[in-house]
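# A look at the structure
Listed below, chain by chain, are the residues.
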Amino acid sequence: MALVKDGKVVADPFVDATGLDTLPPNGPVLVSHEQWQANQAALLARGAPIGIRLRSDQAPELIAADLQSFALVALDFPKFRDGRAYSYARLLRERYGFRGELRAVGEVLLEQLFFMLRTGFDAFEIQGADPAGAYKTALADFSVWYQPTGDGRPTAIQLRRAR
């Protein structure tokens, strides 16, 4: 699995500690909501960036009051039919003003990358032989959008009216 940001495969600075009994002593760490609740003071005392991974049944309201503590929010796509993370991404960006990294994890399908970008994701865990190439191919699929989203791109109707 590769981490793709800005169309490039990048090294992930976060150690994924979700599911571990003991957290790493230092460095950026990705934790579950349950780990955050149990170890909040210790995580903050480390002075390193913190990421949180939310399952699809964990809405952003759970962490809204703590968002300033996170450099990364990873939203899980557990299966193709579960699209709650799209709504969660928009809520995090538009309602709660989260400006950190918003990462799509789990079953990240190339056919959905474009819409993930439109809803606020800026990093993706992608499987495959050429994740960066797949990302670029997925982005080239569309040049006009019908739905308004928080990314600020004009919709088809706005483009027509501007002519």
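As a starting point, this report considers the structure included with it. (Residues numbered from 1 in each chain as written. Predicted model: local features only at pLDDT ≥ 70, side-chain atom pairs only at ≥ 80, totals over all residues. Heavy atoms only, no water.)

Check the secondary structure of the protein and you find five helices and eight strands. Secondary structure elements in the protein, listed N-terminal to C-terminal, are β-β-β-β-α-β-β-α-β-α-β-α-α. The C-alpha radius of gyration of the protein comes to 17 Å, within 12% of the 15 Å expected for a compact globule of 163 residues. Counting only C-alpha atoms, the protein reaches 55 × 35 × 30 Å along its principal axes. Out of the 163 residues belonging to the protein, those deemed buried represent 44%. At a minimum sequence separation of 6, the contacts of the protein that also span at least 24 residues come to 47%. Of note, the protein has its 19 positive side-chain charges centred 8 Å away from the centre of its 19 negative side-chain charges. (Helix = DSSP H or I, 4+ residues; strand = E, 2+ residues; numbered from the N terminus. Rg over C-alpha atoms; globule rule 2.2 N^0.38 Å. Buried < 20%, exposed > 50% of the residue type's maximum accessible area, 1.4 Å probe, protein only. Contact = heavy atoms within 4.5 Å. Lys, Arg positive; Asp, Glu negative; His and termini not counted. Charge placed at Lys NZ, Arg CZ, Asp CG, Glu CD.)

Judged by nonpolar contacts, the single largest core of 33 residues is most densely connected at Phe70, Val73, Leu75, Leu113, Met116, Phe121 and Phe124. When residues of this core are assigned to their parent elements, the largest contribution, six residues, is made by helix α2 (residues 84–95). Apart from residues lying up to four places away in sequence, Leu113 is in contact with Val108, Phe124, Ile126, Tyr135 and Ala138. Of all hydrophobic cores here, the second largest spans five residues; its members include Phe14, Leu30, Leu72 and Val105. (Core = buried A, V, L, I, M, F, W, Y, C linked by side-chain atoms within 4.5 Å.)

On to α2. Between its terminal C-alpha atoms α2 stretches 16 Å, which fits the 16 Å expected from 12 residues at 1.5 Å a residue. Within α2 the residues assigned to the buried category are Ala85, Tyr86, Tyr88, Ala89, Leu91, Leu92 and Arg93. Taken together, the buried residues of α2 touch β6 (72–77), β7 (101–106) and α3 (113–119). (Expected span 1.5 Å × (residues − 1).)

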